[in-house]
Structures are given as structure tokens and as C-alpha cells.
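Each chain is listed here by its residues.
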Amino acid sequence: MTAVPAHHPAATAPAAVWNRQQPSGMPSHRYRDVFSRVDVPLHEREWPTKRLTEAPLWVPVDLRDGNQALAEPMDPERKRHFFERMVAMGYKEIEVGYPSASQTDFDFVRLIAETDIAPDDVTIVVFTAARRDLIARTVESIAGITNPVVIHMYTATAPMWRDAVLGHSRETLKELILAGGRDLLELAGDLPNVRFQFSPEVFNLTEPDYVLEVCDAMTELWDARPERPVILNLPATVEIATPNVYADQIEYMHRHLARRDGVILSVHPHNDRGTGIACAELAVLAGAQRVEGCIFGNGERTGNVDIATLALNLHAQGVDPMIDFSDIDEVRRTVEHCNRIEVHPRHPYVGDLVHTAFSGTHQDAIKKGFAEHRARAAALGVPASEIEWRVPYLPIDPADIGRSYDAVIRVNSQSGKGGIAYLLESGYGITLPRRLQIDLARRVQQHTDASGTEVTAAAIWEIFQEAYCGPGGQPADSGRTPESGLVLAGFESSGDAGTERTVVTLRSGGDSGGDAETVTEHVGVGPVEALTAALANVGVDVEVLELHQSSIGAGNASEAMTLIEFRHARGTAWAAGRHRSTLRATLAAVMAAAARA
């Protein structure tokens, strides 16, 4: 895969020094590369300097090409449901079936003719082979449709198909194609709402001069002109080369086609090499104006090109895709229901995990990115949904496609403090100081290492309470007496700042008998100083180093949360307290620290 110019320093380094791979033993010698199978005559390329600045015309072929690849083809109910979803998303040209090959497809085209499920501005595409009886059946299926209609005729043109499948020479196959074109003209040429499309199937393995000759003959026959253009669709029926080769082939046709202003140049990549997306994007750079494919990439073998990913790739580059994916999960439910195939959780944009980070370094960057995004929006005085998106690791805002932020960060044994802190903040509204994030991350890591499973925000909240709050993870205040240890039995304060008088009552022994109370009075100090002094009086030394106020939840039902970092005989640690009262939450945090000390 590596290619470097001969003058490049890397070209002179002996590969054996750094590359110790060995021959695989696979019979790779049986296969020929694309350059020995088809001539690619383009040498002066323009497409590498082009940019994608607008969406092509998208044509979903799920109801025909995608449907014929299903183990269980769609029934009428599923076909209608899928069609209506595509219309709602904004598709304006939809291939609806192969009516001469399937009664179900024929009936569905008739449903469109006899009902109003297709808005007037939606073009209906029907598919046929270049055979008169099949063309006649296709024309019969569209009778009465007032929408714009495209009749799409195809024939394979590559040498292997000509020789082994069709049994035709170049000349006789061209005549067969032209005969089909004449049949279309005879049977549908006078229908004002009908246009024609031709696909030289396996275009990418067909000799460039031959496919150009055939396509020019078809546009001449059909009198292609701007006011009634002909669609020439050039499929990568079986993907056989790197995407730049397909772009070269498309640009060659784009430059050399006759009647170019009367031609809509279309592409239909497949995904056999896993590069269908790249093929389509480079083909558009090379002059293609129309892209056929399936939503989420269903299709024979490895599938057709995924036109949802293509559209959202444009969105991520600031280009309007002209199709609405603002509720992508509803689109996915439709596709999964109709295809009876689940979308992979890592599928671009739509998969359940595509906006999810488990890695600690990723989580930390995302957390900081969200914070910067919110701060920037506040500084500008505009909603966060309207400012430039630049959160690390998230190519688009999940909210654009109807996703919440709840599942962006998920925690497992690979996660770090940033993700843990994010889940507590997003789930419970608690903002943790950095050093407490580090301490909590260590505890969560121990839990995930032991369990080997993902932990939820609720599980992290339980770990947090158990580690930092009072005994049993509950608030340590005068409302609860543990089995043993100190309890804050009373706290009364009066007077103004600097002259306040605080009386603290501590009880030891709990409910097990032998209770002892210690009452101390403290003048001129705040509540934290008073309580720590009272604790020191009974032999519990707690020095509060840092105190942070937060809250749990929102509105009238929220609780105050106090987080303290403290020093005791064995070092420093953290404790927390919560209560409806901020003062009581702070006292609870100090008592939790005493319990740990």
C-alpha cells in the first residue's frame, strides 16, 4: 500500500530493517490489478483540485437494488413504509422497483399510480433490462402516473460479461442496447413526463472507448438536450480498484461525452473493497451530478454505497446535504424494519456507539470541548446549537441528528477521570474538583477491573456515595445515628460574623449502649472551624484544606452538595455531604471526613 517517489529518503531505506512481515502463502498471483484489465486513459486530472461544495442529486435504490439483495424481500406494507419515510426525508427521485421482474414491484408501481403517496415533485424511477417484452411491461406499470418518471434501462458491457454471460461481440451488444433504446422511444417516447436512463453495467471494467461509443449512441438516439436530459449512470458494479481510478474513469467520460449539457452524469458505486464512499465522493469531484445508493448501504455482497453517510459527510463539512436526518434513529428503525437487518453499532453516524467514548483520553478531551463550547456560546450570547462546532472526537453535534448527549461518554476499564466526572455532571449536576476526579477515577477503575463490565452514571454515583459520604454512603448528620462512631447530635449558632457563638454536641457510641456526649462552645469562628475544633476536642483531628459547593438535581427538589479535601493523620482525602440545607450539607461533609479519619 505504501508508495513513495524514488528520490524520497524513505525509498532508499532497506525495508528488511523495519518491516519483518513474511509472505502469507495466499494465492495472490491468481489475480490481476485493474490496470491490466482495463485501460484508464486519463492523464491530466482536474478532480484532485476540486472541492465538494453542494450535494448531488441523491437517488435511493433501496426498494429495487437493496430489496433484491434481501433474504426476505419487502412485502407491500414494508415497501410503502420505506417509500413514505424517504419522501418525508426529502428525497426527490426514488427508484421504486423492477416491475417486469416481480409482481410485487409491479403492484407497488401501480399503487403509486392509483394513490397520492408520491408528492407531485417526486420523480419515480423504474428499472428494466434492454428487452422489448420487459420494457413493454415496465411501460404498462407506469400508466397513469402523473409524476415525473425515469425509465432506467441497463445492460452489462464489460468484456467478461460480453463473452461469458451474454455471448455478444462489441458490435452486436451495441446493437442490442440500441434496439432496447428504440423500443423505449416507441413505447414511451411520447409521454411528456417520462425521461430515460441508461446504465452500462460493470462500467468500471469496460473499455473506455467502447462505453463512450455506446453512451454517445444512446444520447443521440434519445435526443438528449438540457430541457429533456438523459441520465447516464456509470456503475462500479463490482469494485475493483482504488477510488482514484474510478474518479479517473468518471472524469474521462465527463470530458468526452457528446451532448454533455443534455446529460445528467450519475454514479452507482458498490462496496466490494470497502471504499464505496470514497469512490462516490471522488466521482462527484470528477464531474458526477447524481448518486445512486442505499440508505445505510444495504445491497448485494458488501452493499451499495451508503448515501446516508455520504450526505452526513457533506453536513460535517458545512455543506447542506439537502436531506433531513434530524431524527436519524427513526430513519434507522424504518430501515431495520423494512430490511429485517440490524444496523451495526459502529456504522457511521447512525450506529449506537458512533458518538460514544470509552477511552479516558478521549473522554477528557470531549468533556473539555463541551465546556469550551458552552462557555463560548455564553460569551457570544447565542444558543449553543448555533455556534461553530469544534468539540474534539465528535465530527458533528449529535443533537443535529436527534441524539442526546447521554451516551456520548460511557465508562469501562479503559476510561479515565474526565469521563467519570462528565457522567456525574450530566447525570446529577455535580462538578468535581480535578483532584477529586483523580481519586474517584481510581475507585471506579478498581470496580471495572474487578467486574469487567461497563458502569453507568447510577453505578458511579453509588461508588461516590459509598466512598465519600457518611457510613453506608448516606449523609452523616444529626438525623441518623450509626452503629458506632461519632454523631453530630446538636449544632446551634447565634450572633453575627466575627462574634458568633456556636455550641456543638457530639455523641459517641451509637445505638449499642454506653453513649457519651461532649458539648463544646466556640466563639468568633465559622461553622466549619467550630465543628473541626469540637472534633479535635474528642481526639479526631481533621484539617479542612479545600471546600467546594455543588448541587444535586435542579429546581425545588435539588439538594446541596459539599465536597471537602481534608488532612488527617495518614494523609489527605476527600469527603462529601448532602442535604437540603447548604449548612447541613457542609456539616455532613465534615462528619464524613471524621468517619474516614
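What counts and how
- Residues numbered from 1 in each chain as written.
- Predicted model: local features only at pLDDT ≥ 70, side-chain atom pairs only at ≥ 80, totals over all residues.
- Heavy atoms only, no water.
- Buried < 20%, exposed > 50% of the residue type's maximum accessible area, 1.4 Å probe, protein only.
- Helix = DSSP H or I, 4+ residues; strand = E, 2+ residues; numbered from the N terminus.
- Pairing = 2+ DSSP bridges.
- 1 Å grid on protein atoms, 1.4 Å probe; cavity = no way out; pocket = protein on both sides within 12 Å on 5 of 7 lines; lining within 4 Å.
- Points joined across faces, edges and corners; volume = space filled by probe spheres on them.
- Nonpolar A, V, L, I, M, F, W, Y, C, P; charged D, E, K, R; others polar.
- UniProt positions renumbered as here; feature names shortened; annotations may be inferred.
- Contact = heavy atoms within 4.5 Å.

## What to know about the pairing of strand β5 (residues 194-201)
Phase 1: In terms of residue burial, β5 counts as a mostly covered element, since seven of its eight residues are buried.
Phase 2: As judged from the eight bridges shared by strand β4 (residues 149-156) and β5, these two strands associate in the parallel manner. Note on β5: the bridge partner recorded for histidine 152 is glutamine 197.
Phase 3: Bridging between β5 and strand β6 (residues 230-236) involves two bridges; their strand directions are parallel. Counterpart to glutamine 197 in the pairing with β6 is isoleucine 231.

## So, empty space enclosed by the protein
Phase 1: Inspection of every chain in the model, using the stated rule, returns three cavities of 30 Å³ or more.
Phase 2: Estimates place the volume of the largest cavity at around 70 Å³.
Phase 3: Around the largest cavity, the lining residues are Leu52, Glu54, Pro56, Trp58, Ala280, Glu281, Val284, Val291, Leu310 and Leu314.
Phase 4: Secondary-structure elements contributing two or more residues to the lining of the largest cavity are α10 (276-285) and α11 (307-315).
Phase 5: In terms of residues, the lining of the largest cavity owes the most to one element, α10, which gives three residues.
Phase 6: Partitioned by chemical class, the residues of the lining of the largest cavity number eight nonpolar, no polar and two charged.

## Describing the UniProt feature "domain: Pyruvate carboxyltransferase" (unreviewed entry) in the protein
Phase 1: The positions that UniProt labels "domain: Pyruvate carboxyltransferase" (unreviewed entry) are, in the present scheme, residues 56-329.
Phase 2: Counting secondary structure, residues 56-329 comes out at 43% helix and 18% strand; the distance between its end C-alpha atoms is 24 Å.

## Topic: the UniProt feature "binding site: Mg(2+)" (unreviewed entry) in the protein
Phase 1: Residues annotated by UniProt as "binding site: Mg(2+)" (unreviewed entry) correspond here to Asp65, His268, His270 and Asn304. These annotated residues cover 240 residues of sequence, and their C-alpha atoms lie no more than 10.9 Å from one another, placing them together at a single site. Those annotated residues lining the largest pocket are, specifically, Asp65, His268 and His270.
Phase 2: Residue histidine 270 is classed as buried on the basis of its relative accessible area of 5%.
Phase 3: When near neighbours in sequence (up to four residues on either side) are disregarded, histidine 270 contacts Asp65, Ala236, Thr237, Glu239, Gly276, Glu300, Arg301, Gly303, Asn304 and Val305.

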